[in-house]
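This is what each chain is made of:
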Amino acid sequence: MQVRHIRARLTKVWDQLRTSFWFIPTTMVGAAILLAFTTIAIDEQLRFEFVENLGWLYTGDSDGARLLLSTVASSIIGIAGVTFSITIAALTMASSQFGPRLLRNFVRDVGNQCVLGTFIATFIYCLLILRTIRGSEESTFVPHISVTVGVILAIASIGVLIYFIHHVAMSIQADNVINRASNDLNTVIKQIHPLPNNNDPEQPQVPEEQSHLLSLNRRSYTVVSCTTGYIQVIDRHTLLQIAIKHNMVIEFLHCPGDFVVRDDAIAMIWVIDRKPENIDTEITNNIIIGKQRTLIQDIRFAINQVVEVGVRALSPGINDPFTAITCIDQLTAALCQIVRRQAVSTYCYDDALQLRIIFKAVQFEEIVDTAFGLLRQYGRTNTEVILRLLTSIATVVDCTSDQSQRDVLIRQATIIAHDAREGLTNRHDREIITTYYQNSFQPLTQDDYSVTDKVTTQ
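Bear in mind that the values here come from a model prediction, so they are computed numbers and not experimental data.

**Student:** Help me out: how do you make sense of the overall build of the protein chain in this one?
**Tutor:** Regarding its fold elements, the protein chain presents 18 helices and ten strands. Here the protein chain holds 458 residues, and 48% of them are scored as buried. Taking the intrachain contacts of the protein chain between residues at least 6 apart in sequence as the baseline, contacts between residues at least 24 apart amount to 80%. Just so you have it, the protein chain exposes about 23,200 Å², and 55% of that area is on carbon and sulfur atoms.

**Student:** What exactly am I supposed to notice about the nonpolar core here?
**Tutor:** As a rule of thumb, soluble globular proteins bury nonpolar side chains together. Membership of the largest hydrophobic core comes to 62 residues, with the highest contact counts inside it found for Leu185, Ile299, Ile303, Leu331, Leu375, Ile393 and Phe441. When near neighbours in sequence (up to four residues on either side) are disregarded, Leu185 contacts Ile299, Ala302, Ile303, Val306, Leu331 and Ala334. Core analysis: the second largest hydrophobic core is formed by 32 residues, Ile79, Ala121, Val147 and Phe164 among them.

**Student:** Help me understand helix H15 (residues 383-399), please; the structure alone is not making it clear to me.
**Tutor:** What sets the pattern is the α-helix's 3.6 residues per turn: residues three or four places apart point alike. Across its 17 residues, H15 extends 25 Å between first and last C-alpha, which sits within 8% of the 24 Å expected from 1.5 Å per residue. Turning to H15, its buried residues are Thr383, Val385, Ile386, Leu387, Leu389, Leu390, Ser392, Ile393, Ala394, Val396 and Val397. Close packing links the buried residues of H15 with helix H13 (321-340), helix H14 (364-378), helix H16 (403-423) and helix H17 (427-440). Residue Asn382 occupies the N-cap position of H15, its side-chain oxygen lying 3.1 Å from the main-chain nitrogen of Glu384.

**Student:** Would you take a moment to explain the packing of aromatic side chains for this structure?
**Tutor:** A ring pair, where both rings are aromatic, is described by two values, the distance of the centres and the angle of the planes. Counted under the stated rule, the structure contains four aromatic pairs. Measuring from centroid to centroid gives 6.0 Å for Trp22 and Phe23, while their planes differ by 85°, and the two rings are edge-to-face. Its relative accessible area of 28% is what places Phe23 among the partly exposed residues. Here Tyr230 and Phe259 contribute two aromatic rings whose centre-to-centre distance is 5.1 Å and whose plane-to-plane angle is 65°, an arrangement assigned as edge-to-face. Placement of Tyr230 in strand S4 (residues 229-234) and of Phe259 in strand S6 (residues 259-260) is noted, with a sequence separation of 29 residues between them. Tyr230 gets classed as partly exposed once you look at its relative accessible area, which sits at 26%.

**Student:** In this structure, what is going on with the sheet that holds strand S10 (residues 355-358)? I would like to understand it.
**Tutor:** In sheet architecture, strand pairing relies on hydrogen bonds along the backbone and comes in two forms, parallel and antiparallel. In space, the five strands of this open sheet follow the order S3-S7-S5-S10-S9, with mixed pairing throughout. The open sheet has two edge strands with one neighbour each: strand S3 (219-224) and strand S9 (347-349). Taking the axes of each pair of neighbouring strands and ignoring which way they run, one obtains an average angle of 25° across the sheet. In terms of strand pairing, strand S5 (residues 248-252) meets strand S7 (residues 265-271) through five bridges, oriented antiparallel. Note on S7: the bridge partner recorded for Ile250 is Ile269.

**Student:** Can you walk me through the pattern of salt bridges in this structure?
**Tutor:** Pairs can form between side chains of opposite charge whenever their charged atoms are close. Tallied over the full model, the rule gives twelve salt bridges. Ionic contacts of the salt-bridge type, sharing partners, join the residues Asp258, Arg300, Lys360 and Glu366 into one network.

**Student:** I'm lost on the environment of Ile120 in this one. Help?
**Tutor:** Of note, Ile120 is situated in helix H6 (residues 110-130). As for Ile120 and Thr26, which are separated by 94 residues in sequence, their C-alpha atoms are 8.9 Å apart.

**Student:** What is the right way to look at the packing of H16 against H17 in this model?
**Tutor:** The angle between the axes and the distance between the axes are what describe a pair of packed helices. As a packed pair, H16 and H17 sit with axes 9 Å apart at the nearest point and diverge in direction by 165°. One finds that H16 runs roughly antiparallel with respect to H17. Note on packing geometry: the crossing formed by H16 with H17 is left-handed. Contact residues: H16 offers Ala413, Thr414, Ala417, Ala420 and Arg421, while H17 offers Arg430, Ile433 and Tyr437. Split into classes, the residues belonging to the contact of H16 with H17 amount to five nonpolar, one polar and two charged.

**Student:** What exactly am I supposed to notice about the pairing of S4 here?
**Tutor:** Strand residues, when the strand is regular, have side chains that alternate between the two faces of the sheet. Where burial is concerned, most of S4 is hidden: five out of the six residues are buried. The pairing of S4 with S6 spans two bridges and is classified as antiparallel. Looking across to S6, one finds that Tyr230 is bridged to Phe259.

**Student:** What should I look at first to understand the sheet that holds S4 in this one?
**Tutor:** Ordered in space as S6-S4-S8, the three strands form an open sheet in which the pairing is antiparallel. The two strands at the open ends of the sheet, each matched to only one other strand, are S6 and strand S8 (287-290).

**Student:** Which parts of the structure should I look at to understand unusual backbone geometry?
**Tutor:** Most peptide bonds take the trans form, and the phi angle of most residues other than glycine is negative. One non-glycine residue, Asn247, adopts positive backbone phi at about 50°. Of note, Asn247 is situated in the loop between helix H10 (236-246) and S5. A residue is classified by how much of its surface remains accessible, and Asn247, at 34% relative accessible area, is partly exposed. For Asp263, which is not glycine, the phi dihedral falls at a positive 70°. For Asp263, the location among the structural elements is in the loop between S6 and S7. By relative accessible area, Asp263 is classed as exposed at 55%.

**Student:** Where do I start with the pairing of S7 in this structure?
**Tutor:** Counting buried positions over the seven residues of S7 gives six, a clear majority of the element. Sheet topology places S3 next to S7; six bridges connect them, and they run antiparallel. Paired with Val223 across the two strands is Ala267, which belongs to S7.

**Student:** Would you mind showing me how to read H14 here?
**Tutor:** Between its terminal C-alpha atoms H14 stretches 22 Å, which fits the 21 Å expected from 15 residues at 1.5 Å a residue. Of all the bends found along H14, the most pronounced is centred on Phe372 and spans about 35°. The complete set of buried residues in H14 reads Phe364, Ile367, Val368, Thr370, Ala371, Phe372, Gly373, Leu375 and Arg376.

**Student:** Please explain the packing of helix H2 (residues 23-45) against H6 as it appears in this structure.
**Tutor:** Remark: H2 packs on H6, axes separated minimally by 8 Å, with the N-to-C direction vectors making an angle of 30°. If you check the angle between H2 and H6, you find them roughly parallel. Handedness of the H2/H6 crossing: right-handed. Contact residues: Ile24, Pro25, Met28, Val29, Ala32, Ile33, Leu35, Ala36, Thr39 and Ile40 in H2; Val110, Gln113, Cys114, Leu116, Gly117, Thr118, Ile120, Ala121, Ile124, Tyr125, Leu128 and Ile129 in H6.

What counts and what doesn't
- Residues numbered from 1 in each chain as written.
- Predicted model: local features only at pLDDT ≥ 70, side-chain atom pairs only at ≥ 80, totals over all residues.
- Heavy atoms only, no water.
- Helix = DSSP H or I, 4+ residues; strand = E, 2+ residues; numbered from the N terminus.
- Buried < 20%, exposed > 50% of the residue type's maximum accessible area, 1.4 Å probe, protein only.
- Contact = heavy atoms within 4.5 Å.
- Areas by Shrake-Rupley, 256 points an atom, 1.4 Å probe, with all protein chains shown as cover.
- Core = buried A, V, L, I, M, F, W, Y, C linked by side-chain atoms within 4.5 Å.
- Expected span 1.5 Å × (residues − 1).
- Polar contact = N/O pair within 3.5 Å; in protein donor to acceptor, adjacent residues only side chain to side chain.
- Phe/Tyr/Trp six-rings, centres within 6.5 Å; stacked < 30°, edge-to-face > 60°.
- Pairing = 2+ DSSP bridges.
- Axes fitted to C-alpha atoms, helices over the stretch in contact; angles between N-to-C directions.
- Salt bridge = Lys/Arg side-chain N within 4 Å of Asp/Glu carboxyl O.
- Parallel < 35°, antiparallel > 145°, perpendicular 65-115°, else oblique.
- Left-handed = near helix turned anticlockwise from the far one by under 90°.
- Nonpolar A, V, L, I, M, F, W, Y, C, P; charged D, E, K, R; others polar.
- Bend = angle between axes of the 7 residues up to and from the residue.

Structure, rendered in structure tokens:
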């Protein structure tokens, strides 16, 4: 039982390391310490005549070596302070313009972490080499190779500084921020929605009658949450092994991204006999609950990152519809990927095709509402934004052959057209939206948002 939840824990720890600002710099400092001891050991084995014959190594005396390394160390630590200040300024601007949830993308930027790590590693390396230089009459030791490596690291730091200035200037541009958030969304989609594979054996779907038999032939018990927070990771593989071991069915009541409170029911287990001992601990150990949402298995959070940039761009304080349109384009590409891939399976079977786990999955309708709902509400007074929303939905409709998905998309388009009628004050703009809607989404569905009742111009 102690090792079953290692997979889920490691996934969570790795995500925390990636989003931390200290991991890569600390690793680089450790490498610098190892490099310092290695070069010192080499210097102790070499003779000065060998160093002179190489020509390109440092050949000065102990005073010159101290002065050189002291200059490099003091300069680098000053540059590191300026770099840290620039990073904080960029994070402050990103938080105010693009939203605080996108700060994780800036913090986990590998380029920024490597820049800071290079400066600190160079500083630590110079300090370690300085302590070994001896210039007394009784004992003289000048680590020529180590000093030369310090000079090389100083030159590399200058190049890294130039890269950092360019990198920060590029990373705070709206298009690049949106692209990073979109890349995160595409990564989550690839993890959750697999590509269709006709060679995979088709697994049976659980009919309503079998679900009813579960409640008749098995005893049900509730598994409650041991803490309060957001569900971040559900270790499906380990939970499947637990279900097989105890010959039971696990039904989850929440999916990654849902908020649960302590002692809230998060799962139901269906067993033939009595409840297995310590089964609650076994299950909850493989469900990671944290204080914030993550991108590991939460597709709604990945969509919200892109949506948040677009919503803030449509706020009166920023009023940047072009950024919002860029966000809509990226969401369109993501939805096209989703409809072309397999739907998330809510049933998990063992090798004998025996049902073992019933997951709660995010439905396609919820995905569409998450992608377009807020943008529709905040962009209802902007003709260009509304047109782009309708164009995007029409593009996704063309990518799917599933009628249920098409119905969801057409219904969303109908709501957008209805909101445009209420939000646009200009009659000509309303006519443009109505004409585009009628030309793109025919035949219309007969529902509560019929275009004949809601979208006709006044």
